[in-house]
Amino acid sequence: MNHPPVLVVNAGSSSLKVKLLPHHLSLLVERIGGDTQIKASFATSVRSDGISDHEGAFKLCLTALAEQVPLASIVAVGHRVVHGGERYTRPTRLTPPVIAQIEALSPLAPLHNPPNLAGIRAALHLLPEVPQVAVFDTAFHSTVPTWAYLYGLPRRYYSEAGVRRYGFHGTSHDYVTRQAAQLLNRPRSELRLISLHLGNGASAAAVQFGHSVDTSMGFTPLEGLLMGTRSGDIDAGVLLYLLRSGMSVDELDQLLNKRSGLLGLSGVSNDMRDVRRAAAAGDQAALDAIAVFSYRIRKIIGAYAAAMGGLDGVIFTAGIGENDPELRVQALQGLEFLGIDLDLDKNARGERLISRAEARVAVMVIPTDEERMIAEATLEALAS
Ligand code: AMP
């Protein structure tokens, strides 16, 4: 990849991640407003004392980057924005009306869009001459059909309040399916692919002929697969039961988002490596947590093969998908009837293509690179 310098920005509630590409200079500022820490991929003399907001953090990153490259060489800034609603189906240049729209979408993503906007405002203030683009996590799923995105609620909850499946991790699903097509040396427009993004957050996408046609995260990133600390799918009746038994809305939010998933089921950790260690020592709760994690993946592969009327490839990506060969074996167990046939040696070695040569379905391990995708999408948006 060789392109003019693009700064990719990912602003979280108390963190700011920036990466300058193609130089691969990255900085992570954490605990903004508290005991702020800065981590850089290069040696820098900047200090993180007294950083109280995203603008201060952004300024710090620019000061550090300026020690490495002239800031005037940056041609564009690409921002990761979590929620683009139904309106934003592609990367979009940031103008005052677009920023106002992203702000209007904040009720749909109260934890994500406000910090994303703080990053955008800081960047616009500190690099006012540089064009800036928003790349939306939801955009790739804008092709999901009505029957896959509607919930079984009265229609007006969708039409008046926007309650529907949106899906997330779109930049990652888009990137790895493009890479998979390249690896297979076939156009993505001919392939039915299932992308499994298995990190601390986890989601699956059915990508048919280049378009997302279903995805496991929904109105929020809470639905679907089991995750590090999120429950994924759960009977909504359980929530009613817990509320009626006296749990507050905030407690329920904490329970589902922060205390469930691998952590809640295993009682050990949200990190798959720790859960595996406990499982290896015979801990039944840890074994069950891994079994639930892999069963949900297996089930969704079957569902998405049905949704697409066939299957050409399965992609594993993100922390667990890329690094845990045993999980890949467990998730694919019993799927030979679909044409899945794993080469256990290639899988153990973590090769890119881990299915047998004669298998009908290609199984792949493809490292995700959301920053690279955002940088490329930013330049494409500015060129068009
Ligand atoms: P991500 O959100 O993509 O950064 O993924 C983070 C998660 O990947 C961690 O919480 C771990 O559970 C998991 N992970 C990273 N390395 C390994 C590994 N070698 N084996 C199993 N899980 C891993």
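In what follows, the accompanying structure is described. (Residues numbered from 1 in each chain as written. Predicted model: local features only at pLDDT ≥ 70, side-chain atom pairs only at ≥ 80, totals over all residues. Heavy atoms only, no water.)

Observations regarding the side chain of His197
Short version of the rule: Strands are runs of DSSP state E lasting at least two residues, helices are runs of H or I lasting at least four, and both sets are numbered from the N terminus onward. Exposure classes here rest on a 1.4 Å probe applied to the protein chains alone. A residue is buried below 20% of its type maximum, exposed above 50%, and partly exposed in between. Polar contacts, as used here, are pairs of N or O atoms within 3.5 Å; protein pairs need one atom able to donate a hydrogen and one able to accept it. Residues neighboring in sequence count only if both atoms are side-chain atoms. What makes two residues a contact is simply this: any of their non-hydrogen atoms within 4.5 Å.
Topologically, His197 is positioned in strand S8 (residues 192-198). Take His197: its relative accessible area is 6%, and that puts it in the buried class. Side chain to side chain, His197 and Ser172 meet in a polar contact 2.8 Å long. In contact with His197, not counting residues within four places along its chain, are His169, Ser172, His173, Ala202, Ser203, Thr317, Ala318, Thr368 and Glu370.

Structural notes on the pairing of strand S9 (residues 202-208)
The condition is simple: Should DSSP find at least two bridges between two strands, the strands are taken to pair.
For S9, a buried count of six out of seven residues is recorded, marking the element as mostly surrounded by other parts of the structure. The pairing of S8 with S9 spans seven bridges and is antiparallel. Counted as the bridge partner of His197 is Ser203 from S9. Turn length for the S8-S9 hairpin, with the two strands adjacent in sequence and antiparallel, is three residues. Relative to strand S10 (residues 211-215), S9 runs antiparallel, the two sharing four bridges. In the sheet register, Ala206 faces S10, and the bridge partner there is Asp214. The hairpin formed by S9 and S10 contains two residues between the paired strands, and Phe209 there has a positive phi angle of roughly 50 degrees.

A few points about the packing of aromatic side chains
Stated precisely, the cut-off is as follows: Two aromatic rings, drawn from Phe, Tyr or Trp (for Trp, its six-membered ring), form a pair once their centres lie within 6.5 Å of each other, and the interplanar angle then sorts them: stacked below 30 degrees, edge-to-face above 60, tilted otherwise. Two thresholds decide whether a charge sits over a ring: the Lys NZ or Arg CZ must be within 6 Å of the ring centre and within 35 degrees of the ring normal.
Per the counting criterion, the structure on display carries three aromatic pairs. With centroids separated by 4.9 Å and ring planes inclined at 10 degrees, the aromatic side chains of Tyr88 and Phe136 adopt a geometry described as stacked. Remark: Phe136 occurs in strand S7 (residues 132-136) and Tyr88 occurs in the loop between strand S5 (76-81) and strand S6 (92-93); sequence separation between them is 48 residues. Residue placement shows Arg164 over the ring face of Tyr149; its charged tip is 3.6 Å from the ring centre. For Arg164, the ring lying beneath its charged end belongs to Tyr166, and the centroid distance is 5.0 Å.

As for the site of the ligand
The criterion, for reference: Summary of the distance rule: residues count as near a molecule or strand when at least one heavy atom falls within 4 Å of that molecule or strand. Computed with the Shrake-Rupley method and a 1.4 Å probe, the accessible areas treat only the protein chains shown as cover for residues. In this classification, the charged set is Asp, Glu, Lys and Arg, the nonpolar set is Ala, Val, Leu, Ile, Met, Phe, Trp, Tyr, Cys and Pro, and all remaining amino acids, among them Gly, are polar.
Around the ligand sit Gly199, Asn200, Asp271, Met272, Arg273, Ala318, Gly319, Ile320, Asn323 and Asp324, and those are all the residues in its vicinity. Gly319 places a main-chain nitrogen or oxygen 2.9 Å from an oxygen atom of the ligand. At 3.4 Å from an oxygen atom of the ligand is found a main-chain nitrogen or oxygen belonging to Ile320. Relative to its unbound accessible area of 510 Å², the ligand is 70% covered by the protein chains. Of all the elements in the fold, those that place two or more residues in the shell around the ligand are helix H10 (272-280) and helix H12 (318-323). Sorting elements by how many residues they give to the shell around the ligand places H12 first, with four residues. Broken down by class, the residue content of the shell around the ligand amounts to three nonpolar, four polar and three charged.

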